[in-house]
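Geometric and topological summary
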Amino acid sequence: NGAVRVNMTNVDSPLQIFVRAKKKINDIFIEIDDYVKDAVTFMHAVSGENKIATSQDVANIEAYVNKVQAIREVLKRDHMKVAFFGRTSNGKSTVINAMLHDKILPSGIGHTTNCFLQVEGSDTDEAFLRTEGSEEKLNVQSVSQLGHALCASRLQECALVHVHWPRELCALLRDDVVLVDSPGVDVTPNLDQWIDRYCLDADVFVLVANAESTLMVTEKNFFHKVSTKISQPNIFILNNRWDASASEPEYLDQVRTQHANRCVDFLSRELRVCTPKEAEERIFFISAKEALLTRMREREKPVSSPILADGHQVRYFEFVDFERKFEECISQSAVRTKFAQHSRRGKNIAADVMAALDQVYNKASDMKSSKVEKQRVLHEQLSAVEEQLTAITRQMKDKIGRMVESVEHKVSLTLSQ
Ligand code: GDP
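All figures in this text were calculated on a predicted structure; none of them were measured in a lab.

A look at the state of the cysteines
- All chains considered together, the criterion is met by zero disulfides.
- For the unlinked cysteine C170, the closest cysteine sulfur is that of C115, found at 19 Å.

Below, the structure written as structure tokens:
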């Protein structure tokens, strides 16, 4: 499909914090796995004839093999998740496409996403769709096909469609970022259900707002709900369509300050998810459409390119700045929430197995010392018997000697008569 592979090695990306931590914790769990399996072999060996370990001891240790396996499975699938929200047509799909450097999600007039779309990396070269709860893979070659497939499948607004896209084509997907696009917050009354189903494990939320208007009550309400369910959610606000400001440069600074103040106020005073200073680092003025166009050109993809409006470079730098701060935030948050839990579990398992081995060791040494004791007692008894035997033998010898003497005496007496 003429795809351009991402060849750049992104060792500098903040996402590497997560990628490296994931590798490290995976390696640690391989070691724990080995350790547990060794312990099982050992338990089997000592539960044989000499019965140091009971069959319950063996079963207890064997149970850890499955536990470790289950954690390793979860670890393999662990990822960083970002969810995008906002009103219909604010540009959510365009932002996601710009971040992925390609037109992956359908966007534009006539297309409204009426379900949740989760874009995630696929290990094969193929792109395919899968609806939640079904194993059927629907191959997709192009965006228009994806759009058709989505329309044809008549999905419910609350359904989740997985879009698997070759990892090698997008740096974000390769580094285990999963991006979730949502139906507009203006089209649903089911905000609670959405949050419960798709948001509780999101590391970062991005509100895609429209810089041409002001933050809407529906957008605000959604995040009020989020912050009641998740403690301290990480929220970024993108004031999209900032290219519109190019047509009125005389008001640019004024409008920007007004929007920025409202957003800071919303995050820090209304939602109380961060301080005003932190909030300033979470608000960006961008044009997703321009960013996507710039990236499509970089990848030499055919685009019908209008001339970009004045200031597009500044807006593009701001988009790149957003990506950097977003990457730092998501990787740190995911490491904290996901791996802290796994490493605690790993530590507990290692400690439990150690305790079980200790118990067996103690039992074995108790058995050894009781055997030694038994041997000592036996030895003493034997010596006593030996002594007795010697005494008896001596007595017998004396007795026999005396008998022989008396017999000899009697014989000689008889002979001399
Ligand atoms: P969604 O419904 O929130 O996913 O919005 P889309 O990404 O589908 O965008 C809706 C329309 O807005 C499309 O025609 C986009 O090309 C357009 N659009 C998105 N971002 C921008 C932007 O930054 N500037 C301008 N002028 N148009 C944009």
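Here the narrative resumes, following the displayed structure.
Here's the deal with the environment of S107
- Mapped onto the elements, S107 comes out in the loop between α3 (92–99) and β2 (116–122).
- A C-alpha to C-alpha distance of 34 Å links S107 and K277, two positions 170 residues apart in sequence.
- In contact with S107, other than residues within four places in its own chain, are S93 and T94.

Points about the pairing of strand β3 (residues 128–131)
- As paired elements, β3 and strand β4 (residues 138–139) share two bridges and run antiparallel to each other. Residue pairing across strands places L129 opposite L138, the latter belonging to β4.
- Connecting β3 to the antiparallel partner β4 that follows it, the hairpin turn spans six residues, and G133 within it adopts a positive phi of roughly 85°.
- Here β3 runs beside strand β5 (residues 160–166); their pairing, made up of four bridges, is antiparallel. Note on β5: the bridge partner recorded for F128 is H164.

Concerning the site of the ligand
- With respect to spatial proximity, 16 residues lie near the ligand, and among them S89, K92, S93, T94 and R241 are the closest.
- Here N90 contributes a backbone N or O atom positioned 3.4 Å from an oxygen atom of the ligand.
- Here an oxygen atom of the ligand sits 3.4 Å away from a polar atom, N or O, in the main chain of K289.
- Across the complex, the protein chains shield 87% of the 580 Å² of accessible surface that the ligand would expose by itself.

Description of helix α2 (residues 55–77)
- In a regular helix each residue adds 1.5 Å, so 23 residues correspond to 33 Å; α2 covers 34 Å between its end C-alpha atoms and thus fits that length.
- Looking at α2, one finds that the buried residues are D57, V58, I61, Y64, V65, V68, I71, R72 and L75.

Details of unusual backbone geometry
- Positive phi, close to 70°, is recorded for D176, a residue that is not glycine.
- With respect to the element layout, D176 can be found in the loop between α5 (171–174) and β6 (177–181).
- A positive phi angle, near 50°, is found at Q232, a position not held by glycine.
- As for its position among the elements, Q232 is in the loop between α7 (217–229) and β8 (235–240).

Criteria and thresholds
Residues numbered from 1 in each chain as written. Predicted model: local features only at pLDDT ≥ 70, side-chain atom pairs only at ≥ 80, totals over all residues. Heavy atoms only, no water. Disulfide = S-S within 2.5 Å. Helix = DSSP H or I, 4+ residues; strand = E, 2+ residues; numbered from the N terminus. Contact = heavy atoms within 4.5 Å. Pairing = 2+ DSSP bridges. Near = heavy atom within 4 Å. Polar contact = N/O pair within 3.5 Å; in protein donor to acceptor, adjacent residues only side chain to side chain. Areas by Shrake-Rupley, 256 points an atom, 1.4 Å probe, with all protein chains shown as cover. Expected span 1.5 Å × (residues − 1). Buried < 20%, exposed > 50% of the residue type's maximum accessible area, 1.4 Å probe, protein only.

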